[in-house]
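Summary of structural features
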Amino acid sequence: MSTTGIEAGVGAHPGIGGAPVSHRPLGILAALPQELGDLIEAMRAESGVRTITHGQRDYHLGTVHGASCVVTLARVGKVAAAATVSALIHAFDVEAVVFTGVAGGVGAEVRVGDIVVANALLQHDLDASPLFPRFEVPLLGVSRFAADASLADRLAAACERFVAEEGTAAAERFGTREPRVHRGLIISGDQFVASATGVQALRDALPDALAVEMEGAAIAQVCYEYGVPCAVVRTISDTADDHAPGSFVSFLTEIAGTYSNAILKRFLESRGSPA
Ligand code: SAH
């Protein structure tokens, strides 16, 4: 696409010995500003930020924690997330996509303050049965979209380092238990799940689901269709029950940014510049 004017100079080009060198940036997404923490400020301090508005979203380009990135907000829900990640792929030519945000805990062992890194993502509200199996994306034949294994491993390693180095302090500061890092299935749908019956219905239908949110599986589907690696990390803001609205709001405003800063810093530093 020519609308952004960023295509020149972006993409693979011959490097030493003629081998292609990728200068493609990493796409970093969240739904809400609090979920990005201070990432854009850190980018501004490190490299300066170039902001391009496209499809009613602001895309921030620059280097942060040593990595070339495009950072943006998807807003809430599967359509918003799919539209945004599609733009990251087509207008900004990202090499891979990482989503960071909060989610409701669904798994029995998943508590507020824990972290879930997706191995796979599924749309729990997608149901074209009896024409297609429940949860399967019609005509694609997939219900569970795998996260990129090496990207998810590096994200989980960054989370583990955060917990080892700052987990006790975070738990004391926020009055949560010592955070744990879980890996497994994250489910997405266009509902904020906020009732004991609602979360139990999800557990019954999908016993291995660890967390529920509103964007991840849509991003994973688009990335799957275009062959772009993606990974999703979610901090647990609530347990998707009747306490969820209050728990979500206080976690989002008081805690989410601290977690996001700590995890993304470690992840991006370990990744370095894709060049
Ligand atoms: N704009 C509103 C609503 C946010 S909806 C606000 O700011 O208050 C909740 C967001 O957090 C979504 O992006 C979703 O991905 C995630 N989330 C957290 N807890 C959730 C839950 N219990 N059910 C569904 N999504 C949840």
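Thresholds applied
Residues numbered from 1 in each chain as written. Predicted model: local features only at pLDDT ≥ 70, side-chain atom pairs only at ≥ 80, totals over all residues. Heavy atoms only, no water. Axes fitted to C-alpha atoms, helices over the stretch in contact; angles between N-to-C directions. Helix = DSSP H or I, 4+ residues; strand = E, 2+ residues; numbered from the N terminus. Left-handed = near helix turned anticlockwise from the far one by under 90°. Contact = heavy atoms within 4.5 Å. Nonpolar A, V, L, I, M, F, W, Y, C, P; charged D, E, K, R; others polar. Phe/Tyr/Trp six-rings, centres within 6.5 Å; stacked < 30°, edge-to-face > 60°. Buried < 20%, exposed > 50% of the residue type's maximum accessible area, 1.4 Å probe, protein only. UniProt positions renumbered as here; feature names shortened; annotations may be inferred. Near = heavy atom within 4 Å. Polar contact = N/O pair within 3.5 Å; in protein donor to acceptor, adjacent residues only side chain to side chain. Areas by Shrake-Rupley, 256 points an atom, 1.4 Å probe, with all protein chains shown as cover. Salt bridge = Lys/Arg side-chain N within 4 Å of Asp/Glu carboxyl O. Pairing = 2+ DSSP bridges.

On to the packing of helix H3 (residues 149-174) against helix H7 (residues 256-271). Two elements in contact, H3 and H7, have axes separated by 8 Å at closest approach and are oriented at 145 degrees. Crossing of H3 against H7: the hand is right-handed. The segment H3 lies against H7, with Leu-151, Arg-154, Leu-155, Ala-158, Cys-159, Arg-161, Phe-162, Glu-165, Glu-166, Arg-173 and Phe-174 engaging Thr-258, Tyr-259, Ala-262, Ile-263, Arg-266, Phe-267, Ser-270 and Arg-271. Of the residues belonging to the contact of H3 with H7, the class tally is ten nonpolar, two polar and seven charged.

All told, the structure shown has six aromatic pairs when counted by the stated rule. Where Phe-174 meets Tyr-259, the ring centres are 6.5 Å apart and the plane angle is 35 degrees; that geometry is what we call tilted. You can see Phe-174 sitting in helix H3 and its partner Tyr-259 sitting in helix H7, a full 85 residues away along the chain. Judged on exposure class, the residue Phe-174 and its partner Tyr-259 are both buried. Following the ring pairs from residue to residue traces out a cluster consisting of Phe-162, Phe-174, Phe-251 and Tyr-259.

What follows covers the UniProt feature "domain: Nucleoside phosphorylase" (unreviewed entry) in the chain. Within the UniProt annotation, "domain: Nucleoside phosphorylase" (unreviewed entry) is assigned to residues 26-269. Secondary structure within residues 26-269 divides into 38% helix and 28% strand; the distance between the first and last C-alpha atoms comes to 13 Å.

This next bit is on the side chain of Thr-84. Structurally, the position occupied by Thr-84 is in helix H2 (residues 78-90). Under the relative-accessibility criterion, Thr-84 is labelled buried at 1%. With near-sequence residues (within four places) excluded, Thr-84 lies in contact with Leu-29, Arg-57, Tyr-59, Thr-72, Leu-73 and Ala-74.

The next subject is the site of the ligand. Around the ligand there are 18 residues in total, and Val-193, Met-214, Glu-215, Asp-238 and Phe-248 lie nearest to it. In this structure, an oxygen atom belonging to the ligand sits 2.6 Å away from a side-chain N or O atom of Glu-215. Between Asp-238 and the ligand, the recorded distance is 2.7 Å, taken from a side-chain N or O atom to a nitrogen atom. In isolation the ligand offers 570 Å² of accessible surface; the protein chains occlude 79% of this area. Only strand S7 (96-105), strand S11 (209-213) and strand S12 (230-238) provide two or more residues apiece to the shell around the ligand. The residue inventory of the shell around the ligand, partitioned by class, reads eleven nonpolar, three polar and four charged.

Working definition: two side chains of opposite charge can pair if their charged atoms are close together. Applying the stated criterion to the full structure yields ten salt bridges. Salt-bridge contacts for Asp-93 lead to Arg-24; the nearest nitrogen and oxygen are separated by 3.4 Å. Residue Asp-93 is located in the loop between H2 and S7, and its partner Arg-24 is located in the loop between strand S2 (20-21) and strand S3 (26-30); the two are separated by 69 residues in the primary sequence. With relative accessibility at 25%, the residue Arg-24 sits in the partly exposed group. Asp-153 serves as the salt-bridge partner of Arg-183, at 2.9 Å between the closest nitrogen and oxygen. Residue Arg-183 is found in strand S10 (residues 181-188), and its partner Asp-153 is found in helix H3; the two are separated by 30 residues along the sequence. Given the relative accessible area of 43%, Asp-153 is considered partly exposed. Connected through salt bridges with shared partners, the residues Glu-165, Glu-166 and Arg-266 form a single ionic network.

Here strand S6 (residues 67-73) lies mainly inside the structure; five of its seven residues are buried. Between strand S5 (residues 57-64) and S6, which pair antiparallel in sequence order, lie two residues; one of them, His-65, sits at a positive phi of approximately 50 degrees.

Now for unusual backbone geometry. Pro-130 follows Ser-129 through a cis peptide bond whose omega is 5 degrees. Within the secondary structure layout, Pro-130 lies in the loop between strand S8 (115-123) and strand S9 (145-146). Not every positive phi belongs to a glycine, and Arg-75 is a case in point at roughly 70 degrees. Note on placement: Arg-75 falls in the loop between S6 and H2. The backbone of Ala-240 shows a phi angle near 55 degrees, a positive value even though the residue is not glycine. Looking at where Ala-240 falls in the secondary structure, it is placed in the loop between S12 and helix H6 (244-254). The class for Ala-240 is buried, based on a relative accessible area of 0%.

Moving on, we get to the side chain of Arg-266. Here Arg-266 lies in helix H7. A polar contact of 2.9 Å, which involves the side chain of Arg-266, links it to the side chain of Glu-166. A polar atom in the side chain of Arg-266 sits 3.0 Å from the backbone oxygen of Ala-262. In contact with Arg-266, not counting residues within four places along its chain, are Ala-158, Arg-161, Phe-162, Glu-165 and Glu-166.

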